[in-house]
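If you want the building blocks of each chain, they are given just below.
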2 protein chains.
Amino acid sequence: MTPPAAAAPQAARTPPGQARDKILATAFRLFYAQGLRAAGIDTIIAESGVAKATFYKYFPAKDDLILAYLEEVDGVWTGQLHAAAEAAGPDPAAQLVGLFDALASACRRDGYRGCAFINAAAESASGTRIHARTVAHKEHIRAWIRNLAVQAGAPDPDQLARSLTLVLDGGLASGVLDADPAAATAARHTAAQLVSANLGRNP
Amino acid sequence: MTPPAAAAPQAARTPPGQARDKILATAFRLFYAQGLRAAGIDTIIAESGVAKATFYKYFPAKDDLILAYLEEVDGVWTGQLHAAAEAAGPDPAAQLVGLFDALASACRRDGYRGCAFINAAAESASGTRIHARTVAHKEHIRAWIRNLAVQAGAPDPDQLARSLTLVLDGGLASGVLDADPAAATAARHTAAQLVSANLGRNP
DNA sequence: GTTGCCCTAGACAGACCTGTCTGATAGCTT
DNA sequence: AAGCTATCAGACAGGTCTGTCTAGGGCAAC
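Residues numbered from 1 in each chain as written. Chains lettered and ligands numbered in written order. Predicted model: local features only at pLDDT ≥ 70, side-chain atom pairs only at ≥ 80, totals over all residues. Heavy atoms only, no water.

Undergrad: What exactly am I supposed to notice about the overall build of chain A here?
TA: In terms of helices and strands, chain A carries 10 helices and 0 strands. Each helix (α) and strand (β) of chain A, taken in turn from the N terminus, gives the series α-α-α-α-α-α-α-α-α-α. In terms of overall dimensions, chain A has C-alpha extents of about 85 × 30 × 30 Å along its principal axes. Sorting the 203 residues of chain A into buried and exposed places 51% on the buried side. Considering only residue pairs separated by 6 or more positions, chain A has 67% of its internal contacts joining residues 24 or more positions apart. If you sum the accessible surface of chain A, you get close to 9400 Å²; carbon and sulfur atoms cover 55% of it. (Helix = DSSP H or I, 4+ residues; strand = E, 2+ residues; numbered from the N terminus. Buried < 20%, exposed > 50% of the residue type's maximum accessible area, 1.4 Å probe, protein only. Contact = heavy atoms within 4.5 Å. Areas by Shrake-Rupley, 256 points an atom, 1.4 Å probe, with all protein chains shown as cover.)

Pasting the structure below:
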């Protein structure tokens, strides 16, 4: 029985097919900056400039959005690590040290708040999809580093990969406390010492 | 106009002065196991077996309880680190490695979920009291390790302390993913390598 | 006995959060 | 022009959260 209401003018309609990307970009920003729980669906919707129904069409539940976010972060961070390693040249031993430049770059970025995966794991119960996704990410990284260690001729690539991922995770974890570039520098230095000690030569 | 209601029998009254401890013990358990946001005040009150008014008398806001919790964790964890270091004997160099036994012990404990401080920082915005308390904790730990490094005669105690805290934090951070004892073992091994490399002798 | 303190029980307010639903609009295709 | 699909706007339901408030019960000291 409500009168048809004179049709509110709509502001800047999102072109078809771009809604999902806009949502994901906003979620990336808010989830990383505030944390998974602190960032509410309503806020993400409002800042995306998208209608609620559109949001729930693409992400039926908040967890689905979180998983998509983690997927995105995985791609970005893995890409940065690979790029930093390759920038160190063709020598695998040098790459094992050079990948730590990605940590230094991350530290310098505005709004840096450590590792999105560690932060996500801290907020999710073990056994959830979110937690499992985080574990999978860390395993991929370690497998990649282990592979580099093999190529570098490390006598115990598992051990070297463990050591280096510990230092990398330590650098990332301390990033949530303060974005101190000294931590990243120290991590690279530490990595160089470990690579040197475990290869028995100076890379 | 409600009738005086025949006075419900009260279950097990908390002795005066013990209410705060009961609340803090419950909060310790729930905050660590579930995270700061996931653990609700109502649940903590219910599991403490304490009345709501009593709770708010001791902790006017949730943040006050969280800070008390972090204070508690600081005492416990610092104590464990010191104990592990002292158990390694009087040699400071050996203590720098031995403190990592506290990490291995922590890993083996049921319900281990990494570092309470890193987890807390992941859930709190920078600038909050909670975040600041976390940063202070990490600085205390590093200052203590640096002191050991000085006693051990390290040529660059700052650098060695940095390296070792990176490895320690890495071990703790990976603990929120899975409580793999191998990570703790690897951390100790890595620490031994770093101490050896930075002291120029075999501890 | 009376006073004072600490405790219990639980209703309540107000905010916020996730997810559902209705109905209308824009723009492309046919 | 008609139809189709993706989008918009926002009300609404049901739950949870923090924090306040009222009313009363047990116990010890005075």
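Undergrad: Looking at this model, I keep getting lost on the relation of the copies chain A and chain B. Mind explaining?
TA: In this arrangement, two copies of a chain are superimposed by a rotation about an axis accompanied by a shift along the axis. With an RMSD of 0.0 Å, chain A superimposes on chain B once it is rotated by 180° and translated 0.0 Å along the axis. Such a combination of turn and shift is consistent with a two-fold rotation axis. Proximity to the rotation axis, assessed at the C-alpha, singles out A:G170 in chain A; its C-alpha lies 1.8 Å from the axis. (Least-squares fit on C-alpha atoms with pLDDT ≥ 70 in both.)

Undergrad: In this structure, what is going on with the interface of chain A and chain B? I would like to understand it.
TA: Interface size is commonly expressed as the accessible surface area that is lost when the partners come together. With 35 residues of chain A in contact, the opposing surface of chain B contributes 35 residues. Summed over both sides, the interface of chain A with chain B buries roughly 3000 Å², with 62% coming from carbon and sulfur. Of all residues in chain A, A:A122, A:L166 and A:L177 give up the largest surface area on contact with chain B, accounting jointly for 22% of the area buried on that side. The interface formed by chain A and chain B includes 2 salt bridges. Residues B:R162 and A:D180 are paired through a salt bridge, measuring 2.8 Å at the closest nitrogen-oxygen approach. If you list the elements that add at least two residues to the side of chain A that touches chain B, you get α7 (116-123), α8 (129-151), α9 (157-175) and α10 (181-199) of chain A. No other element matches α9(A), which puts 10 residues into the side of chain A that touches chain B. When the residues that make up the side of chain A that touches chain B are grouped by side-chain class, the tally is 15 nonpolar, 13 polar and 7 charged. (Buried area = accessible area lost by both parts, 1.4 Å probe. Salt bridge = Lys/Arg side-chain N within 4 Å of Asp/Glu carboxyl O. Nonpolar A, V, L, I, M, F, W, Y, C, P; charged D, E, K, R; others polar.)

Undergrad: Looking at this structure, how should I read the domain arrangement of chain A?
TA: All names here are of chain A. Here the domain parsing of chain A yields domain 1 (14-60) and domain 2 (66-199). Measuring from the centre of the C-alpha atoms in domain 1 to the corresponding centre in domain 2 gives 28 Å. With 12 residues of domain 1 at the interface, the matching set in domain 2 holds 13 residues. Here domain 1 packs against domain 2, burying approximately 1100 Å² in sum over the two surfaces, 68% of which is carbon and sulfur. For domain 1, the biggest contributors to the area lost against domain 2 are F28, Y32 and L36; these three give 60% of the whole. Applying the counting rule to domain 1 against domain 2 returns 0 salt bridges. Remark: the boundary between domain 1 and domain 2 carries 5 residue pairs in polar contact (both at pLDDT 80 or more). Of the residues assigned to the side of domain 1 that touches domain 2, the class counts are 8 nonpolar, 2 polar and 2 charged. (Domains from an automatic or database assignment. Polar contact = N/O pair within 3.5 Å; in protein donor to acceptor, adjacent residues only side chain to side chain.)

Undergrad: Got a minute to help me understand empty space enclosed by the protein in this structure?
TA: One simple way to see leftover space: roll a probe sized like a water molecule over the atoms. Residue and element names in this part refer to chain A. Applying the stated criterion across every chain yields a total of 2 cavities of 30 Å³ or more. Taken as a whole, the largest cavity holds about 50 Å³ of empty space. As for the largest cavity, its lining consists of F31, Y32, G35, L36, Y69, R113, A116, N119, A120 and E123. Listing elements by their share of the lining of the largest cavity, those giving two or more residues are α1 (19-34) and α7. If you tally residues by element for the lining of the largest cavity, the top one is α7, at 4 residues. Here the lining of the largest cavity is composed, by residue class, of 6 nonpolar, 2 polar and 2 charged. (1 Å grid on protein atoms, 1.4 Å probe; cavity = no way out; pocket = protein on both sides within 12 Å on 5 of 7 lines; lining within 4 Å. Points joined across faces, edges and corners; volume = space filled by probe spheres on them.)

Undergrad: I tried to follow the pattern of salt bridges on my own but got confused; where do I start?
TA: Two side chains of opposite charge can pair, provided their charged atoms sit close to one another. Inspection of the entire model under this criterion finds 18 salt bridges over all chains. The shortest N-O distance in the salt bridge between A:D169 and A:K138 comes to 3.0 Å. Remark: A:K138 occurs in helix α8 and A:D169 occurs in helix α9; sequence separation between them is 31 residues. When its relative accessible area of 9% is taken as the criterion, A:D169 is described as buried. Between B:R29 and B:E47 there is a salt bridge whose closest N-O contact spans 2.9 Å. One end of the pair, B:R29, is in helix α1 (residues 19-34); the other, B:E47, is in helix α2 (residues 41-48), with 18 residues separating them in the sequence. Taking relative accessible area as the criterion, B:E47 reaches 43% and is therefore assigned partly exposed. Each member of the salt-bridge network shares a partner with another, and the members are A:E71, A:D74 and A:R133.

Undergrad: What exactly am I supposed to notice about the protein's contact with DNA strand D here?
TA: Around DNA strand D, a shell composed of 25 residues is seen, among which A:T14, B:I41, B:D42, B:K52 and B:K62 lie nearest. Each atom of DNA strand D within 4 Å of the protein was assigned to sugar, phosphate or base; sugar and phosphate come to 59%. Interatomic distance of 2.7 Å between a side-chain N/O atom of A:T14 and a phosphate oxygen of DNA strand D. Between DNA strand D and the protein, one listed contact pairs a phosphate oxygen with a backbone N or O atom of B:I41 at 2.6 Å. (Near = heavy atom within 4 Å.)

Undergrad: What is the right way to look at the state of the cysteines in this model?
TA: Each disulfide consists of one covalent bond between the sulfur atoms belonging to two cysteines. Taken as a whole and assessed by the stated rule, the structure comprises 0 disulfides over all chains. Not part of a disulfide, A:C115 finds its nearest cysteine sulfur in A:C107, a span of 12 Å. (Disulfide = S-S within 2.5 Å.)

Undergrad: I'm lost on helix α4 (residues 62-87) of chain B in this one. Help?
TA: For an α-helix, the turn length of 3.6 residues means that residues three or four places apart are oriented alike. Between its terminal C-alpha atoms α4(B) stretches 37 Å, which fits the 38 Å expected from 26 residues at 1.5 Å a residue. At the C-terminal side of α4(B), B:G89 shows a positive phi close to 100°. (Expected span 1.5 Å × (residues − 1).)

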